[in-house]
Structures are given as structure tokens and as C-alpha cells.
Amino acid sequence: MSAARLLERSARELRQALRGLARAPAFTLTSVAILALGIGLATALFTVFDAVLVRPLPARAPERVVLPRALEAGGVNVSLT
């Protein structure tokens, strides 16, 4: 199959799909809304993940950052963070 014929067939399929979506506006609106929410949620989660876990700490010497800890009376290590 030649590239021109493949492109023509793809354009015809796309037009048919768009006509089908135009015939069912409620389905189209629901589908677009669900896709938008999914993409927005994935973007928000990635942004939080990137900011919290991936990027280094904004410190001059991040290797010198320590976590403060305290010991209870029984010698149990307790985190203060």
C-alpha cells in the first residue's frame, strides 16, 4: 500500500469517526471530560512526585542535611520530622 493511499484511507476513517462523535454529543462530551480529568490527574501526580521525590533538596550542601531524632526513655528511636 502506498503512502498516499494510506494517508487518504486514514483521512476517510477520521472523517467517519468525527461524524459518529457528532451524532452522539453526550457520549462525546463524557469521553472528552473523562480524558481531560485523567490527563490532568496524571500531570498533577507527576508534578508532585517530581517535586517531592526526584528533585534534589534546595540546599547548598544537600549531603550535609541530617534528620533530627530523639530517644525515648526506653531507648526507642523517635523521628522528629
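Whatever comes next refers back to the structure up there.
The rules we used
Residues numbered from 1 in each chain as written. Predicted model: local features only at pLDDT ≥ 70, side-chain atom pairs only at ≥ 80, totals over all residues. Heavy atoms only, no water. Helix = DSSP H or I, 4+ residues; strand = E, 2+ residues; numbered from the N terminus. Buried < 20%, exposed > 50% of the residue type's maximum accessible area, 1.4 Å probe, protein only. Axes fitted to C-alpha atoms, helices over the stretch in contact; angles between N-to-C directions. Parallel < 35°, antiparallel > 145°, perpendicular 65-115°, else oblique. Contact = heavy atoms within 4.5 Å. Patch = residues over 30% accessible without salt bridge, like charges linked within 9 Å, V, L, I, M, F, W, Y side chains within 5 Å. Areas by Shrake-Rupley, 256 points an atom, 1.4 Å probe, with all protein chains shown as cover. Salt bridge = Lys/Arg side-chain N within 4 Å of Asp/Glu carboxyl O.

Chemist: Please clarify how the overall build of the protein should be interpreted in this entry.
Modeler: Across its full length, the protein holds two helices and two strands. In the protein, which comprises 81 residues, the share counted as buried stands at 2%.

Chemist: Just checking my understanding: could you explain the packing of helix H1 (residues 3-23) against helix H2 (residues 25-54) for this structure?
Modeler: For any two helices packed against each other, the geometry comes down to the angle between their axes and how far apart the axes lie. Contact geometry of H1 with H2 gives a least axis separation of 5 Å together with a crossing angle of 105°. What the angle tells us is that H1 and H2 run roughly perpendicular. Along the contact surface, H1 presents Leu21, Ala22 and Arg23, while H2 presents Pro25, Phe27 and Thr28.

Chemist: Whenever I open this one, a nonpolar patch on the surface confuses me. Can you help?
Modeler: Together, Phe46, Val48, Phe49, Val52, Leu53 and Val54 make up an exposed nonpolar region whose accessible area comes to about 630 Å². Relative to the helices and strands, Val54 resides in helix H2. Here Val54 falls in the partly exposed class, since its relative accessible area comes to 49%.

Chemist: I would appreciate a short explanation of the pattern of salt bridges in the present structure.
Modeler: Pairing of side chains with opposite charge becomes possible as their charged atoms draw close. Under the definition given, this model contains two salt bridges. Residues Arg12 and Glu8 are paired through a salt bridge, measuring 3.8 Å at the closest nitrogen-oxygen approach. Placement of both Arg12 and Glu8 in helix H1 is noted, with a separation of four residues, approximately one turn of the helix. A residue is classified by how much of its surface remains accessible, and Arg12, at 43% relative accessible area, is partly exposed. Here Arg55 and Asp50 are joined by a salt bridge, their closest N and O atoms 2.9 Å apart. Residue Arg55 is classed as exposed on the basis of its relative accessible area, which comes to 56%.

As far as function goes, none of this settles anything; it's purely spatial.
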